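Residue-level structural notes
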Amino acid sequence: QVQLVESGGGLVQAGGSLRLSCAASGPTISRYGLAWFRQAPGKEREFVAGMSGSGGRTSYADSVKGRFTISRDNAKNTVHLQMNSLKPEDTAVYYCAADTSGTWYVVTRQYEYDYWGQGTQVTVSS
């Protein structure tokens, strides 16, 4: 059983940066696919960024390409999301997720993820 706990959310002005962290307890997540999703008020949860379980591949939503970077720290069993040049439309609750299948490709469909964190709020003011 993996437990994921996000941190690092908050209020930031447009153009600013935040770094989200997701700490995993339980088994090592070094070979798990990992991803960040977000859900804005009144909208469905959407894929933001992901990393494959093997091969180190990454994938990003078009809306965040060039601004967000996903990374993992296997020594700390943690995944990060560095968010730069934030925009008001980035305002959402951000969730991290883990996929135990360890695929070589990045999984972008929510239903394929086995574990989820509780979410952390990111608010970007204009």
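To keep things clear, this report deals only with the structure shown in the data block. Just so we're clear, the structure is a prediction, and the values are computed from it rather than from any experiment.

Attention now goes to unusual backbone geometry. A positive phi is found at Asn77, a non-glycine position, where the angle reads about 55°. As for its position among the elements, Asn77 is in the loop between strand S7 (68–73) and strand S8 (78–83).

Let us look at the state of the cysteines. Summed over all chains, the structure comprises one disulfide. Shown here is the disulfide that connects Cys22 with Cys96, its sulfur atoms set 1.9 Å apart. A torsion of 45° about the S-S bond marks the disulfide between Cys22 and Cys96 as right-handed. In this pair, Cys22 sits in strand S3 (residues 18–25) while Cys96 sits in strand S9 (residues 92–99), placing the two residues 74 residues apart along the sequence. Cys96 carries the same exposure label as Cys22, and that label is buried.

Strand pairing within a sheet occurs via backbone hydrogen bonds; the two strands may be parallel or antiparallel. The sheet built from four strands is open, its strands ordered S1-S3-S8-S7 with antiparallel pairing. Looking along the sheet, the strands with just one partner apiece sit at the ends: strand S1 (3–7) and S7. Between one strand and the next, the sheet's axes are offset by a mean angle of 15°, whatever the strand orientation.

This paragraph deals with the side chain of Arg67. Note on placement: Arg67 falls in the loop between strand S6 (58–60) and S7. Separated by 2.8 Å, the side chains of Arg67 and Asp90 make a polar contact. Arg67 has contacts with Gln82, Met83, Asn84, Ser85, Leu86, Lys87 and Asp90, leaving out every residue within four places of it along the chain.

A few words on the packing of aromatic side chains. All chains considered together, the criterion is met by five aromatic pairs. When the ring of Phe37 is compared with that of Tyr113, the centres are 5.5 Å apart and the planes differ by 80°; the resulting orientation is edge-to-face. With a gap of 76 residues between them, Phe37 in strand S4 (residues 33–39) and Tyr113 in the loop between S9 and strand S10 (115–116) connect regions that are remote in the sequence. The residues Phe37 and Tyr113 share a single accessibility class, namely buried. Taking the centre distance of 5.3 Å and the plane angle of 85° together, the rings of Trp104 and Tyr105 count as edge-to-face. The class for Trp104 is exposed, based on a relative accessible area of 54%.

It is worth spelling out the pattern of salt bridges at this point. Summed over all chains, the structure comprises five salt bridges. The partner of Asp90 in a salt bridge is Arg38, with the nearest N and O atoms 2.9 Å apart. Of this pair, Asp90 sits in the loop between S8 and S9 while Arg38 is found in strand S4, placing the two residues 52 residues apart along the sequence. Residue classification places Arg38 among the buried residues on the basis of a relative accessible area of 6%. With a closest N to O distance of 3.2 Å, Lys65 and Asp62 form a salt bridge. When salt bridges with common partners are traced through the structure, they connect Arg38, Glu46, Arg67 and Asp90 into a single cluster.

Criteria and cut-off values
- Position labels on residues start from 1 in each chain and follow its written sequence.
- Since the coordinates come from a predicted model, pLDDT governs what is reported: local features require at least 70, and pairs of side-chain atoms require 80 or more to be given and counted, while whole-chain, interface and lining totals use all residues.
- Just so you know, side-chain values use all the structure's heavy atoms and leave hydrogens and water out.
- Segments assigned H or I by DSSP are reported as helices when at least four residues long, segments assigned E as strands when at least two residues long, and all are numbered from the N terminus.
- Throughout, a disulfide means two cysteine sulfur atoms within 2.5 Å of one another.
- Only protein chains enter the accessibility calculation, which uses a 1.4 Å probe; a residue is then buried when its area is under 20% of its type maximum, exposed when over 50%, and partly exposed in between.
- Strand pairing is assigned whenever DSSP detects at least two bridges linking the two strands.
- Angles shown run from 0 to 180 degrees and are taken between the N-to-C directions of axes, each axis being a line fitted to C-alpha atoms and, for helices, limited to the stretch in contact.
- Polar contacts, as used here, are pairs of N or O atoms within 3.5 Å; protein pairs need one atom able to donate a hydrogen and one able to accept it. Residues neighboring in sequence count only if both atoms are side-chain atoms.
- Two residues qualify as a contact provided that any one of their heavy atoms is within 4.5 Å of a heavy atom in the partner residue.
- A pair of aromatic rings is counted whenever rings of Phe, Tyr or Trp (Trp by its six-membered ring) have centres within 6.5 Å, and the orientation is called stacked for planes under 30 degrees apart, edge-to-face for over 60 and tilted otherwise.
- Whenever Lys or Arg places a side-chain nitrogen within 4 Å of a carboxyl oxygen from Asp or Glu, that contact is recorded as a salt bridge.

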